[in-house]
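Listed here are the chains, written in short residue letters.
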Amino acid sequence: YFAKMLEIPKEKIIDNLRPEELFASSEKQKAIKKIIQKRLKGEKFQKYYENEEIITPSNKRLYVKFFTKTIKYEGSFAGLVIGINVTNEIKKDSLIKILKDINHIIIFHETLNEIFYNTAKSLYSNGKFEFVCISVKEKNKLNPKYCLGNYNDKLMEFLKKHLKPSADKNICLAAKYMVENQIMLIEDIEKIDFPNRELLSILKELNFRSLVFVPIFKDKELIAAIGIASKYINDFDENIKFIFEELKKDLEFAVKKIEKEEFFKLLQEAFNKSFAWVVITDSDGKILYANKTVEELSQYSLEELKGKNPKIFKSGFHLPSFYEHLWNSIKEGKIFEGIIVNKAKDGSFFYLRDKIVPVTTPNGERYYISIATDITNEYKLKRQLKIIKENDLITGLLNRESFIKKTSELIKHNQNKKFALLIIDIKDFKLINHFYNKETGDAFLKKFAEYLNSIFFESDIIARLNADEFAVFIEYEDLSSLYKIIDRVINKLKNTKILNTETSINIGISLYPKDGKDISTLIEKALIALEIAKQKGENEFEFYNQEIHKHIEEYQQAKFLIKHALVNEEFEYFFQPYVDSKTLKTAGAESLLRIIHDGEIIPPYKFIEYAEKSALIKEIEKLMFSKYLQYLKEANFPISFNISGASLRDENHIKSLFGNVTNLPIVIELTERELAYNIEYTRKILEFFKIKAIKISIDDFGTGYSSLTYLKDLPIDFLKIDMSFIKNIENSQKDRAIVDTIIDFAHKFNIKTIAEGVENENQVKILQNLECDYLQGFYFAKPMPFEEFKKFLN
């Protein structure tokens, strides 16, 4: 590879090439020579060189990372050098840095002369090239204007004479590329058929070897060109051509940008003297200009407004359909006229009678000019403002404040009637905003509001309470009729796609006057019922009742219990052993989580559900994993560690726990339902465990998710047969058959079996006859603290 990189035969390298000759710098050559002498004398040391520049015998510039070390070779001291060729990366990085610098130049300079001068300066100072020249079109030819580096009068005279698009390509090699608007790359001038001997002689005299030529066009017309020369071959090749293409695009963009800015400067003075509001945007709606009246009314300066969308003035008073109609009109070339409520920088509102005129220039570019009169103080806006304030801005439904006001009035005048409050939550609405955008989310909410209007009667009061929660207040006769209404809402939605999306909901319901006599109480209780409905799954509903309240209280208690245990380190492991069915000797144990609070041992059923549904389960596992490892090392005995479903699905969390553990008898215990989540992802995670020599045990096998796919495709070591089968194994032939089948299949896949919940000697004998490998249960031992577990092992 070294010979190929240098492009010379291996024999010549061994016979003729001294290492220091590869370096361009004489100082570097001396330093390398000294290092070689030290190595040959037997000094042992190693060095690392980052991105060293070397020059091949064929005059190619390369960048290489070196690692060197003193070694013994055939009985003598020698130097071992390992190198990585990073030339392409370094060249690309260097040019990308230059590209970023030029983008900065384009943004902060206002004239083409400034941009071209600073671009040439950046290319020369940062690129380590011999020559950089930017030629600018003057009188139908390119004049070399901004030139830096190694050049002479002969080269300048030749370029001034021949550098023009109409030039004969036999005289000027770049002429063809100028006409065809292409970038020219020459990797080595001595390896191409150069059309002009005079120019070739000049280039050789200047010691140029590789060249790049970048034409700059505006509206299909050549206006400038960049020429760059290097004294090394292959400094410009196809690998970095895309960077020069990006440079070309950026400069051509800068030309158009400056042309537009000069055009608008002509209009600025006239518009600034107008009393009317004047805003000009491009076809994408980006503000290009705003006059003094706009600055005074909006309280934004022109600099703050440039490049922004007129949404910056958006007040929130208009429905999306209003803006949709506005933009559709002007995009179709129609003039839009209407009253628009805008918001100033300080949050105050102002009102315009606006006319927005689309204007198309001769070259096809579209602009929009807004010319408006300030009518803030006109009384006729009061009625329109009142309507806007009462409704939700996106859906057009009542907002929360208006809903409370209107339902309170209805209750006040109909206290003997029965009403139901339905709070409807759109499941996973946040994902729509996340995966698409806010505009799509708003459109979805609008369509959902239309769906609700189509389901309920005009007399029902419908509102949007917040982001994805809607409220419906209806009168009902009895619970039977109310159930029918709820079923209709859910079942019709199952067959309705909103924006081509299948939508599911949850509904929480409270009743007047049973659950409350004012709307605020009814909302509070319907929201509690909604939380329970969410836990039940999609398209579920729930009525408020005292049991729900109790459930919420238990949920809050579990939350407090876990957080208190985390802060005060009250989590502990208890250990329940399992035995070899043949010898009845202890073969392993399962670690079981407990909370020790005020001397009381709290079992997991009181807190584990909340832990798994919140992010706290991962905090618990992080806290307990270090304790688990300590117990494991001290016992030097296989102990299982339970992983929750939420944790298993978080690859980063799994690798942070197990990434550094090796050579320990770890057993990971998972339930079947976690395997069923995503078989491909599960296989990937289990293979990670296998690399770590960690064994896999599947808990609760046979309770509803069983599949031979797991046994066939996943690297499983143990199946734990659920205790529900073991409990009746003495009296139920069906349960005994199921256990026998599980053991038989497991053994055929070389998987060991563990029977859970073994409680008597008769069960032991049956399981031994069925050849179950291991037994676990109260017959042998209950879960116990670690110190007691150690005594048990002894």
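Remember, predicted model here, so these are calculated numbers, not experimental data.

## A look at the pairing of strand β22 (residues 586-597)
Every regular strand shows the same layout, with side chains that alternate between the two sheet faces.
So, step 1. With respect to burial, β22 is a largely interior element, nine of its twelve residues being buried.
So, step 2. Pairing between strand β21 (residues 571-580) and β22: nine bridges, direction antiparallel. Residue pairing across strands places Val 579 opposite Thr 586, the latter belonging to β22.
So, step 3. What sits between β21 and β22 in their antiparallel hairpin is a turn of five residues, with Leu 584 showing a positive phi close to 60°.
So, step 4. Examined bridge by bridge, β22 and strand β24 (residues 639-642) share two bridges and lie parallel to one another. Bridging across to β24, Ala 589 finds its partner in Ile 639.

## Quick word on the state of the cysteines
So, step 1. Evaluation of the coordinates by the stated rule reveals one disulfide.
So, step 2. With its sulfur 2.1 Å from that of its partner, Cys 133 forms a disulfide with Cys 147. One end of the pair, Cys 133, is in strand β4 (residues 131-138); the other, Cys 147, is in strand β5 (residues 141-149), and 14 residues separate them in sequence. This pair shows no difference in class: Cys 133 is buried, exactly as Cys 147 is.

## Focus on the nonpolar core
So, step 1. Counting 75 residues, the largest nonpolar core has Phe 571, Phe 658, Ile 666, Ile 668 and Phe 689 as the members making the most contacts within it.
So, step 2. For this core, the element with the most residues is helix α21 (residues 616-635), which contributes ten residues.
So, step 3. Excluding residues within four positions of it along the chain, Ile 666 makes contact with Tyr 628, Leu 629, Leu 632, Ile 639, Phe 658, Val 661, Ile 694 and Lys 695.
So, step 4. If you look at the next biggest cluster of nonpolar residues, it comprises 34 residues, including Ala 420, Phe 429, Ile 455 and Ile 486.

## A look at the pairing of strand β13 (residues 366-374)
So, step 1. As paired strands, strand β9 (residues 277-282) and β13 are joined by six bridges and run antiparallel to one another. Counterpart to Val 279 in the pairing with β13 is Ser 370.
So, step 2. One ladder, built from nine bridges, connects strand β12 (residues 349-360) with β13; its direction is antiparallel. Bridging from a neighbouring strand, Lys 355 pairs with Ile 371 of β13.
So, step 3. Hairpin connection of β12 to β13: five residues between the antiparallel strands, including Gly 364 at a positive phi of 90°.

## Brief notes about the packing of helix α16 (residues 438-455) against helix α17 (residues 479-494)
So, step 1. Where α16 contacts α17, the axes come no closer than 11 Å and their chain directions differ by 130°. Between α16 and α17, the interaxial angle falls into the category oblique. The crossing of α16 and α17 is right-handed. Contact residues: α16 offers Phe 448, Tyr 451, Ser 454 and Ile 455, while α17 offers Arg 488, Val 489, Lys 492 and Leu 493.
So, step 2. Among the residues making up the contact of α16 with α17, the classes are represented as five nonpolar, one polar and two charged.

## Digging into the sheet that holds β4
So, step 1. Reading across from one edge, β5-β4-β8-β7-β6 is the order of the five strands in this open sheet, with antiparallel pairing throughout. Across the chains shown, the open sheet's two edge strands, defined by having one partner strand only, are β5 and β6 (184-186). Across this sheet, the average inter-strand angle for adjacent strands is 15°, counted without regard to direction.
So, step 2. Examined bridge by bridge, β4 and β5 share eight bridges and lie antiparallel to one another. For Ile 134, the partnering residue across the bridge sits in β5 and is Tyr 146.

## Observations concerning the pattern of salt bridges
A side chain with one charge can pair with a side chain of the opposite charge if their charged atoms come near.
So, step 1. Throughout the structure, instances matching the rule amount to 36 salt bridges.
So, step 2. A salt bridge links Glu 221 to Lys 137; the shortest N-O distance between them is 2.9 Å. Taken together, the residues span a long stretch of sequence, with Glu 221 in strand β8 (residues 221-230) and Lys 137 in strand β4 at a distance of 84 residues.
So, step 3. The class for Glu 221 is partly exposed, based on a relative accessible area of 40%.
So, step 4. With a closest N to O distance of 3.9 Å, Arg 209 and Glu 190 form a salt bridge. Taken together, the positions of Arg 209 in the loop between α8 (197-205) and β7 (210-218) and Glu 190 in the loop between β6 and α8 put the pair 19 residues apart, joining distant regions of the chain.
So, step 5. The buried category is assigned to Arg 209, whose relative accessible area is 14%.
So, step 6. By sharing partners, the salt bridges in this structure join Glu 590, Glu 669, Lys 720 and Glu 756 into a single network.

## Things to note about unusual backbone geometry
So, step 1. Cis peptide bonds are those with omega within 30 degrees of zero, and the linkage from Tyr 512 to Pro 513 qualifies with 5°.
So, step 2. Inspection of the secondary structure assignment puts Pro 513 in the loop between β19 (505-512) and α18 (519-536).
So, step 3. The phi dihedral of Asn 207 is positive, around 65°, even though this residue is not glycine.
So, step 4. Inspection of the secondary structure puts Asn 207 in the loop between α8 and β7.
So, step 5. Backbone geometry at Asn 663 places phi at a positive 55°, although glycine is not the residue there.
So, step 6. Looking at where Asn 663 falls in the secondary structure, it is placed in the loop between α23 (651-658) and β25 (666-671).

Cut-offs applied
Residues numbered from 1 in each chain as written. Predicted model: local features only at pLDDT ≥ 70, side-chain atom pairs only at ≥ 80, totals over all residues. Heavy atoms only, no water. Buried < 20%, exposed > 50% of the residue type's maximum accessible area, 1.4 Å probe, protein only. Helix = DSSP H or I, 4+ residues; strand = E, 2+ residues; numbered from the N terminus. Pairing = 2+ DSSP bridges. Disulfide = S-S within 2.5 Å. Core = buried A, V, L, I, M, F, W, Y, C linked by side-chain atoms within 4.5 Å. Contact = heavy atoms within 4.5 Å. Axes fitted to C-alpha atoms, helices over the stretch in contact; angles between N-to-C directions. Parallel < 35°, antiparallel > 145°, perpendicular 65-115°, else oblique. Left-handed = near helix turned anticlockwise from the far one by under 90°. Nonpolar A, V, L, I, M, F, W, Y, C, P; charged D, E, K, R; others polar. Salt bridge = Lys/Arg side-chain N within 4 Å of Asp/Glu carboxyl O.

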